[in-house]
Amino acid sequence: MVREKDWRNTLFDVFNHVFILGLGLLALAPLINLLAISLSNSAAAMGGYVTFWPVNFTFENYLSIVKSPAIYRAFLISVERTVLGTAISLFLTIITAYPLSKSAREFKGRNIFMWLLVFTLLFEGGLIPYFMVIRSLGLLNTIWALIVPGVSAWSVILLMNFFREVPRELEEAALLDGASHWQTLWRIYVPLSVPAIATLALFAAVWHWNAWFDGMIFMTDNANYPLQTYLRTVVIDLNSTTIQMDVTKVDALSQRALRAAMIFVATVPIMLIYPFLQRYFVTGIKLGAVKG
Amino acid sequence: MLTHKLRRRDFLRLTGVAGGAALLAACLPPAGPAEPAGSSAPAVALPATRNAEELLKAAGVPLPGSPNHPKGWRTLLPDVPEGYPLAQRITITTARPTDSEVVFPPGDDLDNNVWTRMIATLFGIQFVNKMTWVEGDEQAQKYNLAMASNDLADIMQDVPANIFAQMVEADMLLELGPIWDQYASPKWKDAVARGGASAWRGCTINGKRYAIPHAQSAGHDDAILWVRKDWLDRLGLNPPETWQDVHDVAVAFAQAKLGGPDTYGLLANKDFRKSWYGSLDPLWTGYGIVPNWTSFGWSEDANGNLRYDGVRPEVKEVLAILRQWYADGVFRKDFYAIGPDELTPDLASGRCGLQFNPVWGANRDSIQNTGAEWLFLDVPAGPKGRFKHTDDPWNNGRFCCPKNFQYAKEWIEMTNWRIELEEAVGTRMHGWEGIDYAINEQGEYEDLDPYYSFWTVGPIGTRTGGVIDPHFEAEELNHNLEAWGRLAPAERDAFQAAMFGDPVLELRNRAKAFILQKNSTQGVSDKFTGLPTPTMLSVWSDLIDQESEVCLSIITGQKSMEAFDAYVANWKANGGEQITAEVNEWWQKVK
Amino acid sequence: MVAESQIGRKDGEQRWGAWLRVPALADPKTRAYILRNWSLYAMLAPTLILLAIFAYYPMYGVVMAFQNYNPGLGFVRSPWVGLANFERLFASPAFPRVIGNTLIIAVSKLVTGQIVAIALALLFNEIRHVPFKRTMQNLLYMPHFLSWVVLAGILMDILSPMGLAGKVQQALGMEPIIFLGSNFWFRPVLVVTNLWKEAGWSMIIYLAALLAIDPDLYEAAAIDGADRFQRIRYVAIPGIMTTIILLACLNLGDVLQAGFEQVFNLYNPTVYETGDIIDTYVYRMGLVQAQFGVAAAAGLFKSAIGFVLIVISYRLADRYAGYRIF
């Protein structure tokens, strides 16, 4: 790369670094604020005295969370759906993307299947009939209601495009050796597509972890809510104008610090897996970022 | 949500009773009857198998009460009705509100806890929860989906009115009225009969009763004026008596910044009509306007017709006052965007010195953390008199059942029994030791977090606190004040003694007694308690949105007073007149 | 391995023997094709079955848009009402409002999102210090991974006058603004919070495009005397022009996607006037107010328009950027 040393360049570099540093801090600031509130005692939080550093530092909010069976249960449900959901959706995505990555000549009917898949992106029947399907299969209030649809057309398209970049010679050699499609897929395609698959795993995991709407709809008993849905009832939906209030609820509402701690807990798993997966982003996303 | 938790019963059942003694002593009837020995147990001589205590003991199910503790008490369980426990255990599914913070002992849940085990043993009825919700939108959405997919629970609590109407139209509901007539106990029927026409209004469609009313205690959410006595003293002010005083005191509080830089005068939020936290309703009612929770109410005009109060010219008078107050700094600057639930920090951290609230105006955090001294006062009088909003205790919701539900009789008979246990003075039903309360080594009563009543199946109890007789709370309060007040401190059992300890509870108790006393003379209610009319279903929410928007904009000075006239004209043209006609059609039928 | 799979093939022939005697499959070419490729169909089967159950079967629900849906009667027996639901929808004063809000919010988000992402990518591309660049990239990507429930919880706190924003305004001596309760501020809040969450993430694709530019082009430009800004102007931007055009075309398909999750978690009745979008309207009509027909009609209307827009956007993407999705 070219490098020149004149003052305009240096000025630009300084400005650019400072500016981007500023943006990076801006992206982080709300989370730090949240963390600081969650580590402050409730009086300081309620008084609005906390900015980026805890005031009257305490772990009491996190201790309360650990002791709350409701949050604990919701957390476990979320973990379960994320692990199961990610595994199932990855498996389905891989075995769907492989046949579709063949040309229509190699795999007869491929274009019809492709359209069947893509049409689901463009059109859907609506929530009520979908709810009725889930109900009649007996999936309401089970973790499967949150997992079953399983495969996302976008992930399939991304992986399919990735598979198409695998050199043909490798596959042909394998087939000549007598390997089946199944073996080719797992011994050649999958190992060569690790970045894409890692990215898809991240997407699926994040999606499952963050999903709240399906929990609200398909869990008719709110003891089965996943964490984000539970969080929503605690953090956002307390705007209860007409419901009859009682002293319990009224006294509970002033817990700004505790709410902050709950929100923070809901972000922790994301923060934990993020560093492991971020190195695959750029390669994995090239083809898929359009609709990531 | 997990700390300094005060339970509803703090004032509903136990402490509501205590401090009011002094206040109420004068107006109390002479000593009530002594504790009735067997409650109102059936008069027939009974076979041993219908004795509830023996049944529970035989099944190894714990009894409520603490009969063996020296400072304990005995809960008087009525005998179970004839035919129970059922030879064949039945299962009934339920849909009801819950609360993610309701804590069960380990291993227990909503379907399996002390209360369900007692009912299963005594009645052979197993309740299985099918659907729960926490807040309003969730409730409507879940009933909606259940209806759309025709998958209803057996006992459905508080089905929203519009969904109830649609369920009836779709012929999905059981006509409960005749079954109730046949099996409800005389006591239940008396309570409903005292409710008059309004009791069945929300349950009746085309003359048929498809639901059983869900009553709540009268005066539960009535507001009184709370003021920081310590701030008044510091500024040398007198307690406010008129609306002008309220304004002046509020401005003085705000300017003196007694609670820090963010101090303001009077608690208010975007629910500017009636709110459960920081209400403005006494001002509206003082000017002859009936406010309600999400809209204004309907009142009767001189010709006996209903009119919508939100478009009457008096609204402008109140808006002008509120606009002036806002400009003078009486309210929090952003009150119009703040929900009631976001306001507790303002009290807790001592930012605000005046509030219209029920008993929770005695904010524990502010008292304990900021040294607040709260004084409660009667609401000021407006030009039309001294009034406040009150909820019609019968306009609280409904219980309904799907068409194919077979056990309505059993449910009603179980409730008959519960009335004798839980809505009878002197049965001493305070829950289970080790679950609801503990008695410590000093013989003191201690509240534990869970409360069985939250787990029950209505109409009594549940998370939203149903009752059969809306006036039972006042009756029990009067009785206990009288009967327990006469006991020497040493004679009181742990539960009775607990009512005379905590100053915050005592303050709340005094306030509760005061509120109940004023309820009948000052409370005004929305006269329209019917189901939404057809035009309401299609345009009401739009009209209400516009109403809120225009009123809040006028109060905050973003729009001129004239905007209100334009709104009224628009209201009339876009469905308001049609709705008025429909509401009056209903009114002619029920009044 | 060879031996193994040959045994496998033989087994396969025996297992499939019955099938292979069907006359249509007697053709040796077909037979070879099936023997070789039956597993491709088998791999697709689970997904196709799931799609049939969970995507295609529920599509019968569109009939609701043309019915006065009665839950007691179900889809089959509910009375048909023709286009009455659409008439009610179009006559409702709320409808033009939600269409307008949807378009305004979606377009503002798409336009600002793209411009900021491009600018960020160009700035990042000028940074040579790799660890710094990495760290900053990762910081900017992170908000993308937080849910709108979490973000709404954070934002409601920050934007309240007791929160961070209120403190900043106070420090600057300003009157506190109620961002989430103001019809003037609500849309800007949506746009800015969307940028905060997504801008870093959307920059990735431009960064990838910038990496793909041949370094020789920069060298050549430098030798020709182009300074840094000129190189951005004449090398970098033209180098990613195809990507820019491609994304602009694809964005066209999203102009009805104003972001249900974001709006739903942030709005309240005071800002319906500027913040209520088609998706939230459909939600309230269908799932809160039980106006099934109107909700289904609004949903179908959106799907139909959206379908056309997506088809157009892919046509344009194909024509101007040579992009085909599959």
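Whatever comes next refers back to the structure up there.
Residues numbered from 1 in each chain as written. Chains lettered and ligands numbered in written order. Predicted model: local features only at pLDDT ≥ 70, side-chain atom pairs only at ≥ 80, totals over all residues. Heavy atoms only, no water.

## Remarks on the pattern of salt bridges
Right, so step 1: Applying the stated criterion across every chain, the model contains 37 salt bridges over all chains.
Right, so step 2: The shortest N-O distance in the salt bridge between C:E198 and C:K197 comes to 3.2 Å.
Right, so step 3: Classification of C:K197 by relative accessible area gives buried; the value is 6%.
Right, so step 4: Through salt bridges with shared partners, a single ionic network connects A:K102, A:E106, A:R168 and A:E171. (Salt bridge = Lys/Arg side-chain N within 4 Å of Asp/Glu carboxyl O. Buried < 20%, exposed > 50% of the residue type's maximum accessible area, 1.4 Å probe, protein only.)

## Some details on the sheet that holds strand β3 (residues 155–157) of chain B
Right, so step 1: Within the open sheet, the five strands sit side by side as β2-β1-β3-β14-β6 (chain B). Their pairing is mixed. Every interior strand has two partners, whereas the edge strands, β2 (125–133) and β6 (212–213) of chain B, have only one. (Pairing = 2+ DSSP bridges. Helix = DSSP H or I, 4+ residues; strand = E, 2+ residues; numbered from the N terminus.)

## A closer look at the interface of chain A and chain C
Right, so step 1: In this assembly, 102 residues from chain A lie in contact with 90 residues from chain C.
Right, so step 2: A buried area of about 9,000 Å², summed over both sides, lies between chain A and chain C, and 74% of it is on carbon and sulfur atoms.
Right, so step 3: At the junction of chain A and chain C, the tally comes to one salt bridge.
Right, so step 4: Salt-bridge contacts for A:D13 lead to C:R228; the nearest nitrogen and oxygen are separated by 2.8 Å.
Right, so step 5: The tally of links between chain A and chain C comes to 14 residue pairs in polar contact (both at pLDDT 80 or more).
Right, so step 6: Sort the elements by how many residues they give to the side of chain A that touches chain C and helix α1 (residues 7–38) of chain A lands first, with 19 residues.
Right, so step 7: For the side of chain A that touches chain C, the class distribution of residues is 69 nonpolar, 17 polar and 16 charged. (Contact = heavy atoms within 4.5 Å. Buried area = accessible area lost by both parts, 1.4 Å probe. Polar contact = N/O pair within 3.5 Å; in protein donor to acceptor, adjacent residues only side chain to side chain. Nonpolar A, V, L, I, M, F, W, Y, C, P; charged D, E, K, R; others polar.)

## Structural notes on helix α15 (residues 256–277) of chain A
Owing to its 3.6 residues per turn, the α-helix aligns residues three or four sequence positions apart on the same side.
Residue and element names in this part refer to chain A.
Right, so step 1: Here α15 contains 22 residues, and its C-alpha end-to-end distance of 33 Å stays within 8% of the 32 Å for a straight helix at 1.5 Å per residue.
Right, so step 2: For α15, the principal kink sits at T267 and spans about 30 degrees; a proline, P269, occurs within the next four residues.
Right, so step 3: Extensive coverage of α15 is indicated by the burial of 16 of its 22 residues. (Expected span 1.5 Å × (residues − 1). Bend = angle between axes of the 7 residues up to and from the residue.)

## Focus: the side chain of A:K102
Right, so step 1: Tracing the backbone shows A:K102 in the loop between α4 (69–100) and α5 (110–122).
Right, so step 2: Separated by 2.6 Å, the side chains of A:K102 and A:E171 make a polar contact.
Right, so step 3: Excluding its chain neighbours within four sequence positions, the residues that come into contact with A:K102 are A:F107, A:R110, A:R164, A:E171, A:H181, A:Y189 and C:L40.

## Considerations on a nonpolar patch on the surface
Residues and elements named next belong to chain C.
Right, so step 1: A grouping of F307, V308, V311 and I312 is seen on the molecular surface, where their side chains present a nonpolar patch of about 290 Å² in accessible area.
Right, so step 2: With respect to the element layout, V308 can be found in helix α16 (residues 292–321).
Right, so step 3: On the basis of relative accessible area, V308 is assigned to the partly exposed category, the value being 45%. (Patch = residues over 30% accessible without salt bridge, like charges linked within 9 Å, V, L, I, M, F, W, Y side chains within 5 Å. Areas by Shrake-Rupley, 256 points an atom, 1.4 Å probe, with all protein chains shown as cover.)

## Description of the sheet that holds strand β8 (residues 264–266) of chain B
Residues and elements named next belong to chain B.
Right, so step 1: What the four strands build is an open sheet, ordered β8-β11-β7-β12; its pairing is mixed. The open sheet has two free edges, formed respectively by β8 and β12 (374–377), since each of these has just one partner strand. Put simply, the sheet's adjacent strands are angled 20 degrees from each other on average, direction ignored.
Right, so step 2: In the sheet, strand β7 (residues 224–228) pairs with strand β11 (residues 352–357) via four bridges, with the strands oriented antiparallel. Following the sheet pairing, L225 is matched in β11 by F356.
Right, so step 3: Helix α19 (residues 503–522) rests against β7 and β12 of the sheet, and its axis sits at about 10 degrees to β12. (Axes fitted to C-alpha atoms, helices over the stretch in contact; angles between N-to-C directions.)

Shape is all these values report; function is a separate question.
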